[in-house]
Amino acid sequence: MSSEELILSQAQELRRGTVVLACLALLREPQYGYALLETLNDAGVTVDGNTLYPLLRRLEKQGLLTSEWNTDESRPRKFYRVSPQGAEVRDGLVREWNDLVASISQLTKEN
Amino acid sequence: MTPLTERYVQEVVRRIPAGQRDDIAEELRTTIADTIEGRGAAEREVLTEMGDPLRLAACYSGRPLALIGSGLYPAYMRLLKLLLWTVLPLITAVSVVLDVLDDNDAGSAIGTGIGTALVVGAQMFAWLTVVFALIDRIPQRAAVDTWTPDDLPELREPDKGGLAAGLSVAWNVLLIGLIVWQHVAEPFRTDSGERAQVLDPALWSGWIWPVLAGLAGLVAIEVVWIGTRRWTFPLVAGYVGATAVFALPLAWIVYQKEFFSSAFLADVTVLDSFYTVAALGVLAVSAGNVIKALRDARG
């Protein structure tokens with residue numbers, strides 16, 4: 001495997017862990033599955049539909065998201081948004097993220 | 001809603017708890033339609049990307065996609081090894097001994113041995129797998145197989161190879177015993193009810209003696225090794241010599257098809273390929289043993 005390929009696959013591992021945080025951050029505003037997927041991919045958080053849609057369900061089950069069917073448009077769509085508990089978890093994760101960024105940049109500076 | 005999408009959706013939701021089925025089905029349908037519309041992609045392509053319905057359903061329901069998950073796998077492997085390497089040989093040996101006592105017939109005893117090993121082995125494997133797959137699907141399983149350092153096996157250094165050498169001695173003694181027993185007891189019964197030897201009686205005025213001598217030599221050398229645990233030069237030379245004295249004539253007899261008695265061959269069909277494979281097998285196993293001994297002696 002070349003260095004580029006290794007970087008690519010390792011970077012994917014890094015990004016994978018950020019999907020939950022990115023969802024909790026984006027879903028301040030209610031959003032439906034496909035639109036959320038597009039927004040995430042545009043933001044560089046690559047995730048497949050078959051991972052994201054079950055993940056949204058799981059976060060809802062854990063009480064971090066709430067959902068509502070919107071039947072105003074041509075297709076009925078399920079909109080998700082962050083619950084108060086989800087907001088709390090998001091803030092905690094953002095703190096973790098910032099700590100991580102700080103300590104990693106500290107580590108990489110020394111080398 | 002096109003039939004292809006509908007078939008996909010049904011294939012996913014029928015594996016999901018009934019309570020969530022309609023909701024997930026509805027969301028999947030719109031999501032697939034949104035994706036087709038949003039990307040201008042073909043339905044087929046979008047469904048291919050969503051992947052195997054079974055996998056997606058497992059994601060939704062949180063069910064494991066493995067028969068035996070990583071939590072139980074170590075316990076499963078330990079138990080399987082114990083059953084196949086300890087319990088199965090015991091059961092097979094007991095069934096062979098019982099058969100010999102019952103019939104005094106080598107062919108039937110060998111058949112019983114092979115049959116028991118295959119059937120009981122397959123049963124052990126199947127039932128153990130079924131039981132573990134079931135345990136893996138019971139939600140509460142925190143107490144199963146929590147590993148502690150106490151579970152570590154003792155270091156084998158002091159007994160390095162001792163068990164293997166012991167088994168090898170037992171095996172060689174068993175071979176000598178079987179060869180002599182089938183000569184003395186004439187355990188094979190022909191269709192006409194007469195007793196006969198399994199191996200060609202003509203061997204007793206020729207090639208069987210180096211085979212027996214080689215086996216006896218191997219037993220003696222392995223016993224010495226178990227006692228001293230050191231491969232000295234004479235011991236290795238003796239081991240190589242004894243292996244050659246045993247294996248070369250045996251492979252030759254088998255290859256020349258002078259192995260079985262005519263009475264045995266009259267009732268039992270032995271394929272030509274058996275002789276070639278068996279002769280090569282004897283040579284390969286013996287060569288492997290010699291190489292291992294040489295390596296042990298150096299290391």
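Predicted, not measured: the structure shown is a model, and the values here were computed from it. (Residues numbered from 1 in each chain as written. Chains lettered and ligands numbered in written order. Predicted model: local features only at pLDDT ≥ 70, side-chain atom pairs only at ≥ 80, totals over all residues. Heavy atoms only, no water.)

### Notes on the packing of helix H2 (residues 19-26) of chain A against helix H4 (residues 49-61) of chain A
Residues and elements named next belong to chain A.
Argument step 1. Viewed as axis vectors pointing N to C, H2 and H4 meet at an angle of 70°, and their least axial separation amounts to 11 Å. On the basis of their axis angle, the class for H2 and H4 is roughly perpendicular. As for how H2 packs across H4, the hand of that crossing is right-handed. Contact residues: H2 offers Val 19, Val 20 and Cys 23, while H4 offers Leu 52, Leu 55, Leu 56 and Leu 59.
Argument step 2. Per-class residue counts for the contact of H2 with H4 are seven nonpolar, no polar and no charged. (Axes fitted to C-alpha atoms, helices over the stretch in contact; angles between N-to-C directions. Helix = DSSP H or I, 4+ residues; strand = E, 2+ residues; numbered from the N terminus. Parallel < 35°, antiparallel > 145°, perpendicular 65-115°, else oblique. Left-handed = near helix turned anticlockwise from the far one by under 90°. Contact = heavy atoms within 4.5 Å. Nonpolar A, V, L, I, M, F, W, Y, C, P; charged D, E, K, R; others polar.)

### Focus: the interface of chain B and chain A
Interfaces are frequently sized by the accessible area removed from exposure as the parts join.
Argument step 1. The interface is formed by 18 residues belonging to chain B together with 14 residues belonging to chain A.
Argument step 2. Regarding the contact of chain B and chain A, the summed buried area is about 1,600 Å², with carbon and sulfur atoms giving 52% of it.
Argument step 3. Counting across the interface, chain B meets chain A through six salt bridges.
Argument step 4. A salt bridge links Asp 23 of chain B to Lys 78 of chain A, with the nearest nitrogen and oxygen atoms 2.4 Å apart.
Argument step 5. Remark: the boundary between chain B and chain A carries 10 residue pairs in polar contact (both at pLDDT 80 or more).
Argument step 6. Mapped by element, the contributors of at least two residues to the side of chain B that touches chain A are helix H2 (18-39), helix H3 (43-50) and helix H4 (53-61) of chain B. (Buried area = accessible area lost by both parts, 1.4 Å probe. Salt bridge = Lys/Arg side-chain N within 4 Å of Asp/Glu carboxyl O. Polar contact = N/O pair within 3.5 Å; in protein donor to acceptor, adjacent residues only side chain to side chain.)

### Let's talk about the UniProt feature "transmembrane region" (unreviewed entry) in chain B
Residue and element names in this part refer to chain B.
Argument step 1. As annotated in UniProt, the feature "transmembrane region" (unreviewed entry) corresponds to residues 82-101, 113-135, 163-184, 204-226, 233-254 and 274-294 in the numbering used here.
Argument step 2. Between the end C-alpha atoms of residues 163-184 the distance is 31 Å, and the span holds 100% helix and 0% strand.
Argument step 3. Taken end to end, residues 204-226 is 83% helix and 0% strand, and its first and last C-alpha atoms sit 31 Å apart. (UniProt positions renumbered as here; feature names shortened; annotations may be inferred.)

### Things to note about the side chain of Arg 90 of chain A
All names here are of chain A.
Argument step 1. Here Arg 90 shows up in helix H5 (residues 84-110).
Argument step 2. Taking the relative accessible area as the measure of exposure, Arg 90 reaches 9% and is therefore buried.
Argument step 3. Those residues in contact with Arg 90 that lie beyond four places of it in its chain are Leu 21, Leu 24, Ala 25, Arg 28 and Val 82. (Buried < 20%, exposed > 50% of the residue type's maximum accessible area, 1.4 Å probe, protein only.)

### Remarks on the packing of helix H5 (residues 73-103) of chain B against helix H6 (residues 106-136) of chain B
All names here are of chain B.
Argument step 1. At a minimum axis distance of 8 Å, the contact between H5 and H6 shows a crossing angle of 155°. Judged on the interaxial angle alone, H6 and H5 are roughly antiparallel. Between H5 and H6 the crossing geometry is right-handed.
Argument step 2. Here the residues of the contact of H5 with H6 are counted per class, giving 18 nonpolar, eight polar and two charged.

### Here we look at the state of the cysteines
Argument step 1. Summed over the entire model, instances satisfying the criterion amount to zero disulfides over all chains.
Argument step 2. Of all cysteine sulfurs, the one in Cys 59 of chain B lies closest to Cys 23 of chain A, which takes part in no disulfide; the gap is 14 Å.
Argument step 3. Judged by its relative accessible area of 0%, Cys 23 of chain A is buried. (Disulfide = S-S within 2.5 Å.)

### Some details on the pattern of salt bridges
Argument step 1. Throughout the structure, instances matching the rule amount to 16 salt bridges over all chains.
Argument step 2. One salt bridge in this structure joins Arg 14 of chain B and Glu 11 of chain B, with 3.3 Å as the shortest N-O distance.
Argument step 3. Note that Asp 296 of chain B is salt-bridged to Lys 292 of chain B, the shortest N-O span being 3.4 Å. Taken together, the positions of Asp 296 of chain B and Lys 292 of chain B, both in helix H11 (residues 272-298) and four residues apart, correspond to about one turn of that helix.
Argument step 4. Members of the salt-bridge network, linked through shared partners, are Arg 57, Glu 60 and Lys 78 of chain A together with Asp 23 and Glu 27 of chain B.

### Some words on unusual backbone geometry
Argument step 1. Backbone geometry at Lys 257 of chain B places phi at a positive 60°, although glycine is not the residue there.
Argument step 2. Here Lys 257 of chain B shows up in the loop between helix H9 (233-255) and helix H10 (262-267).

### Some thoughts on H6 of chain B
At 3.6 residues per turn, the α-helix brings residues three or four places apart onto the same side.
Argument step 1. Along its 31 residues, H6 of chain B runs 44 Å from first to last C-alpha, staying within 8% of the 45 Å computed at 1.5 Å per residue.
Argument step 2. Each element contacted by the buried residues of H6 of chain B is listed here: H5 and helix H7 (162-184) of chain B. (Expected span 1.5 Å × (residues − 1).)

### Brief notes about the sheet that holds strand S1 (residues 31-32) of chain A
Residue and element names in this part refer to chain A.
Argument step 1. Strand order in the open sheet made by the three strands is S1-S3-S2, with antiparallel pairing throughout. Because the sheet does not close on itself, it has two edges, and the strands there are S1 and strand S2 (65-70).
Argument step 2. In this sheet, strand S3 (residues 77-82) lies alongside S1 in antiparallel orientation, the contact comprising two bridges. Its bridge partner lying in S3, Tyr 32 is registered against Phe 79. (Pairing = 2+ DSSP bridges.)

### A word on the layout of surface pockets
Over the atoms, a rolled probe matching the size of one water molecule traces out where space is still vacant.
Residue and element names in this part refer to chain B.
Argument step 1. When its volume is computed, the largest pocket comes out at roughly 1,800 Å³.
Argument step 2. Residue lining of the largest pocket: 44 residues in total, with Ile 110, Trp 171, Leu 174, Leu 175 and Leu 178 positioned closest to the centre.
Argument step 3. The set of elements that each furnish at least two residues to the lining of the largest pocket consists of H5, H6, H7, helix H8 (208-228), H9 and H11.
Argument step 4. Broken down by element, the lining of the largest pocket gets its largest block of residues, nine residues, from H7.
Argument step 5. When its residues are assigned to classes, the lining of the largest pocket shows 34 nonpolar, nine polar and one charged.
Argument step 6. In terms of domain composition, the lining of the largest pocket takes at least three residues from each of domain 2 (73-151) and domain 3 (157-298). (1 Å grid on protein atoms, 1.4 Å probe; cavity = no way out; pocket = protein on both sides within 12 Å on 5 of 7 lines; lining within 4 Å. Points joined across faces, edges and corners; volume = space filled by probe spheres on them. Domains from an automatic or database assignment.)

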